[in-house]
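Below are the chains, spelled out letter by letter.
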Amino acid sequence: MEQLHRIVVPTPFAVGDVNMYIVKGDRLTLIDAGVKTEEAWHVFVRELRELGYEPEDIEQVIITHHHPDHVGLLDYLPPSLPVIGHRKAAPWIAKDAAFFAWHQQYFEQFLIECGIGEEGLAKLGNFRRSLRFSCERSLTQEVKEGDMIEGWTVIETPGHAQSHIVLYREADGLMIGGDHLLATISSNPLLEPPAIGKQERPKPLLQYNDSLKKLLNYDIATIVTGHGEDVTDVASLVEKRLEKQKERAQYVWQLLSEKPMTAFDVCRALFPSVYEREFLLTMSETIGQLDYLEAIGAVKKEKDDQIYMYEVVRS
């Protein structure tokens, strides 16, 4: 059985340290690549050497998703090193100019529809502020649901990121889970634009709930995670996360039962002290709850001029 070693490096983000994994099989594989800071690189190299390896010994990298704290150190690794991930990670890690122009255009219109107002569009710049900790690399191999990588099965788990995958080893029930299911904190399903030129955006919270339930189809002994400790009681934690989701949605429904609101109104009501500082996270959470309530028929939205108003569905 392949050996797996955890390497923990610091990040500048509120989530704290991030986990990377070295897997020794037919090829020496790095799973996820930390964040692009000198501190993270030095910690990574030191811990790698304690395992008896140098960065040049790594033969391939697999990324669970495209977020900066999982891909940043790709810029420190040899440019010839194969990088494997989901196709939806490609424009993010390559910093594709056309994709980011579309991202800006799409969200400018979307946020107006959310009721943020013209003066609030300045906050859109914060959407990409963390990308300075990311990388500028290309995928050399795309993987999808059901693909095998040296005994590991690729499972697509969109929600936290559209590009998110996990790796499952049936022989011993081990899963390398990225940020899909974390032991002590809930993963944030983050807003992303649709494919260039498309208008139907992904609904990450609905995807995330489905991806959580998908885990129940596998005999999982342990999930090694992107942050924090391992998860062993998977079914119980999935149930806990889904139940917490229902509680949050119920609170949003109660807000809307008092009066119709824009998405931005709801966001400010839910996160009055942090929405300006963590705009992407709080708007993603808010839109996720509204998508969920709309999907179960508890709320509806109607466009008033350019802005969507949400209200409860009265029986």
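Rules behind the numbers
Residues numbered from 1 in each chain as written. Predicted model: local features only at pLDDT ≥ 70, side-chain atom pairs only at ≥ 80, totals over all residues. Heavy atoms only, no water. Pairing = 2+ DSSP bridges. Helix = DSSP H or I, 4+ residues; strand = E, 2+ residues; numbered from the N terminus. Axes fitted to C-alpha atoms, helices over the stretch in contact; angles between N-to-C directions. Core = buried A, V, L, I, M, F, W, Y, C linked by side-chain atoms within 4.5 Å. Buried < 20%, exposed > 50% of the residue type's maximum accessible area, 1.4 Å probe, protein only. Contact = heavy atoms within 4.5 Å. Polar contact = N/O pair within 3.5 Å; in protein donor to acceptor, adjacent residues only side chain to side chain. Arc of directions from axis to C-beta. Salt bridge = Lys/Arg side-chain N within 4 Å of Asp/Glu carboxyl O. Phe/Tyr/Trp six-rings, centres within 6.5 Å; stacked < 30°, edge-to-face > 60°.

The protein appears in an unreviewed UniProt entry as MBL fold metallo-hydrolase from Anoxybacillus gonensis.

Draft legend 1. Quick look at the sheet that holds strand β6 (residues 141-143). The mixed open sheet is built from six strands, whose spatial order is β1-β2-β3-β4-β5-β6. Only two strands of the sheet have a single neighbouring strand rather than two, namely β1 (3-9) and β6. The sheet shows a mean angle of 25 degrees between the axes of neighbouring strands, direction not considered. Note that strand β2 (residues 18-24) and strand β3 (residues 28-31) share four bridges and pair antiparallel.

Draft legend 2. Local environment of the nonpolar core. Grouped together as the largest cluster of nonpolar side chains are 31 residues, with contacts concentrated most on Leu30, Phe44, Ile58, Leu74 and Leu77. Of all elements in the fold, only β1, β2, β3, α1 (38-50) and α3 (90-93) reach the threshold of two or more residues within this core. The dominant element in this core, judged by the number of residues it contributes, is α1, at six residues. Excluding residues within four positions of it along the chain, Leu30 makes contact with Met20, Tyr21, Ile22, Phe44, Ile58, Gln60, Val61, Ile62 and Leu77.

Draft legend 3. Main features of the side chain of His86. When you line up the elements, His86 lands in strand β5 (residues 83-86). Among the polar contacts made by the side chain of His86, one reaches the side chain of Glu156 at a distance of 3.4 Å. Here His86 is in contact with Leu139, Val143, Glu156, Gln162, Ser163 and Ile165, once residues within four sequence places are set aside.

Draft legend 4. Expanded view of helix α7 (residues 263-270). Residues of α7 that are buried: Ala263, Phe264, Val266 and Cys267. Buried residues of α7, viewed axially, fall in a sector of 155 degrees; they line one side.

Draft legend 5. Structural context of unusual backbone geometry. Phi is positive for Lys95, close to 50 degrees, though the residue is something other than glycine. Note on placement: Lys95 falls in the loop between α3 and α4 (97-113). In this model, Glu150 sits at a positive phi of 50 degrees, which is unusual for a non-glycine residue. Here Glu150 shows up in the loop between β7 (148-149) and β8 (152-156).

Draft legend 6. Representation of the pattern of salt bridges within the structure. Taken as a whole and judged by the stated rule, the model has 13 salt bridges. The shortest N-O distance in the salt bridge between Lys303 and Glu113 comes to 3.3 Å. Here the residue Lys303 occupies a position in strand β12 (residues 299-304), and Glu113 occupies one in helix α4, the gap between them amounting to 190 residues. Taking the relative accessible area as the measure of exposure, Lys303 reaches 44% and is therefore partly exposed. In this structure Glu113 comes out as buried when scored by relative accessible area, which is 16%.

Draft legend 7. Fine view of the packing of aromatic side chains. Scanning the entire structure with this criterion turns up 13 aromatic pairs. For the pair Trp102 and Tyr106, a centre-to-centre distance of 5.7 Å together with 50 degrees between the ring planes defines the contact as tilted. Taken together, the positions of Trp102 and Tyr106, both in helix α4 and four residues apart, correspond to about one turn of that helix. Of the residues examined, Trp102 reaches a relative accessible area of 8% and is grouped as buried. The class of Tyr106 is buried, set by a relative accessible area of 9%.

Draft legend 8. Quick look at the sheet that holds β8. In space, the five strands of this open sheet follow the order β7-β8-β9-β10-β11, with mixed pairing throughout. In this open sheet, the two strands that pair with only one neighbour each are β7 and β11 (222-224). Judged from the three bridges that link them, strand β10 (residues 174-176) and β11 form a sheet pairing that is parallel. Within β11, the position partnered with Met175 by the bridge is Ile223.

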